[in-house]
Amino acid sequence: LHMTEHLPLSVWPCAQQSSAVQRRGRYVPDAIAHPAKMLPEIARRAINAYSSPGDIVLDPMCGIGTTLVEAMHLGRNAVGIEYEPRWAEVAEANLALAEAFGASGTGDVHTGDARLLGSLVPASIRGQVAVVLTSPPYGSSVHGRVDVRSGEILKSDDRYSRDADNLAHVGEAELLHAVQDIFSACVPLLRPGGIAVVTARPWRRKGLLVDFPGAVLRAVEAAGLVPVQRLVALLAALHEDRIVPRASFFQLRLVRQARATGIPLRVIAHEDILIFRKPA
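Each value, and the rule that gives it
Residues numbered from 1 in each chain as written. Predicted model: local features only at pLDDT ≥ 70, side-chain atom pairs only at ≥ 80, totals over all residues. Heavy atoms only, no water. Buried < 20%, exposed > 50% of the residue type's maximum accessible area, 1.4 Å probe, protein only. Helix = DSSP H or I, 4+ residues; strand = E, 2+ residues; numbered from the N terminus. Axes fitted to C-alpha atoms, helices over the stretch in contact; angles between N-to-C directions. Parallel < 35°, antiparallel > 145°, perpendicular 65-115°, else oblique. Left-handed = near helix turned anticlockwise from the far one by under 90°. Contact = heavy atoms within 4.5 Å. Nonpolar A, V, L, I, M, F, W, Y, C, P; charged D, E, K, R; others polar. Pairing = 2+ DSSP bridges. Salt bridge = Lys/Arg side-chain N within 4 Å of Asp/Glu carboxyl O. Expected span 1.5 Å × (residues − 1). Arc of directions from axis to C-beta. Polar contact = N/O pair within 3.5 Å; in protein donor to acceptor, adjacent residues only side chain to side chain.

A. Seen up close, helix α3 (residues 66–73). Of all the eight residues making up α3, seven are buried; the element is thus mostly covered by neighbouring parts of the structure. When α3 is considered as a whole, its buried residues turn out to be Thr66, Thr67, Leu68, Val69, Glu70, Ala71 and Met72. Gly75 occupies a position one or two residues after α3 and carries a positive phi of about 80°.

B. Up close: the packing of helix α2 (residues 40–50) against α3. Their axes nearest at 9 Å, the elements α2 and α3 cross at an angle of 50°. With respect to their mutual orientation, α2 and α3 come out oblique. Handedness of the α2/α3 crossing: right-handed. Residues Pro40, Ala43, Arg44 and Ile47 of α2 form the contact with α3, whose own contacting residues are Thr66, Thr67, Glu70 and Ala71. Its residues assigned to classes, the contact of α2 with α3 shows four nonpolar, two polar and two charged.

C. How the structure looks around the packing of helix α6 (residues 172–186) against helix α7 (residues 212–222). The geometry of α6 relative to α7 is characterised by a closest axis approach of 8 Å and an angle of 40° between their N-to-C directions. With respect to α7, the axis of α6 lies oblique. The interaxial crossing formed by α6 with α7 has right-handed handedness. Residues Glu172, Leu175, Leu176, Val179, Gln180 and Phe183 of α6 form the contact with α7, whose own contacting residues are Phe212, Ala215, Val216, Ala219, Val220 and Ala222. Of the residues belonging to the contact of α6 with α7, the class tally is 10 nonpolar, one polar and one charged.

D. Geometry of the pairing of strand β8 (residues 190–200). Summarising burial for β8: eight of the 11 residues are buried, a large majority. Taken together, the five bridges between strand β5 (residues 129–134) and β8 define a ladder with parallel strand orientation. Across the sheet, the residue bridging to Val129 is Leu190, located in β8. Inspection of the sheet shows β8 paired to strand β14 (residues 270–277) by six bridges, in the antiparallel sense. Its bridge partner being in β14, Val197 is matched across the sheet by Ile275.

E. Summary view of the pattern of salt bridges. Under the definition given, this model contains nine salt bridges. With its nearest N and O atoms 3.1 Å apart, the salt bridge here joins Arg44 to Glu41. With Arg44 and Glu41 both in helix α2 and three residues apart, this pair spans about one turn of that helix. Pair check on accessibility: Arg44 and Glu41 agree, each one buried. The salt bridge partner of Glu271 is Arg201, with a shortest N-O separation of 2.9 Å. Of this pair, Glu271 sits in strand β14 while Arg201 sits in the loop between β8 and β9 (203–205), and the two are 70 residues apart along the sequence. With a relative accessible area of 6%, Glu271 lands in the buried category. Three or more residues are tied together by salt bridges with common partners; here these are Arg26, Glu41, Arg44, Arg45 and Glu70.

F. Fine view of helix α4 (residues 85–100). Relative to the 22 Å expected for 16 residues at 1.5 Å per residue, α4 spans 23 Å between its end C-alpha atoms, a close match to the ideal helical length. When we look at burial in α4, the residues that qualify are Trp87, Ala88, Val90, Ala91, Asn94, Leu95 and Ala98. Looking down the long axis of α4, one finds its buried residues gathered within 160° of arc, a one-sided arrangement. Exposed and facing more than 90 degrees away from the buried side of α4 are Glu89, Glu99 and Ala100. Where α4 is buried, its residues meet α3, β3 (77–82) and β4 (107–111).

G. Fine view of the side chain of Asp55. Along the chain, Asp55 turns up in the loop between α2 and β2 (56–59). A polar side-chain atom of Asp55 sits 3.2 Å from a polar atom in the side chain of Arg191. The residues touching Asp55, leaving out its near neighbours within four places in the chain, are Arg76, Asn77, Ala130 and Arg191.

Dropping the structure here:
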C-alpha cells in the first residue's frame, strides 16, 4: 500500500457507509422517496477529482439534486435540470438545506427536458462548465422501497414517474438516442478540456447481463466527447478482510430465486464511472 498510495484509484470504495448514513441530516426527508438516487460519495469523489473550488458543475438529469448538494458543500457552483416537478421541488429543498448548513457554493435547479438543455440554463454558463456529472434512468421500474404487511411484500416509490414522456418509460434504443442528444447539448456548455462523468449500472434481461454502461459510452462518444477513463464505484463496503453487501431487498430476492432454480447469479455490486473530455 505504501508503494502505490500515490497512484489514482480505478476502484472507488463508495459504500463504506450506507446510503442512508451518507444522506442523514444532509438531505430533506422527502429525498428518500426517489427510487434511483446517486450515492453522495460517488458525487463527492467525481467533483473533487475533476473540478476545483469556484468551478461550475452541471447535472442535466439531477433528480433530487445529489450532484448539486455535494458540489455546493465542496465550494462549487451547481446547476441542475430535472424533468419531474416533484423531484425538482425536493432538489430545491435540498439546496436550501445545504445553504442553511453553510455550503460555500451556490445551487440552482431548472425544471424541463434535458434534451432542451441550451434553452433551460443561463446563457452565462456557456463554455464555462468544468464538469457535467449525471446518471441516466434505468427503466421505468427500479427497486424502490419495500414493506411487509400481513406476510405480503408491498413496493412503493419504485418508479421515476407516471409521465409517459419521461425517458424512464422509453425503450433502450430511444433512451440511448436521448443520452446522445443530451450530451450533444452539453458540449457547448463545457469549457475546452472540460470533463463529463456518467454513472451507469449493468442490468439483467431474462437472466443475461446487459452492458448498459458500454452502450452509454458509445452514445456519449457519438455526441462529440472523448472517452478517457472507465472506473468502478464499489457498492459494497470493505471492512478488513470482509466485503459487506449493500444490495437492496429486491436484488437479493432475485438472486435467491435464480439460485433456487439452478442459475448461479451474483448480486451486482458496482456502477461504472465513465469519464469523457471535451476536446480542447
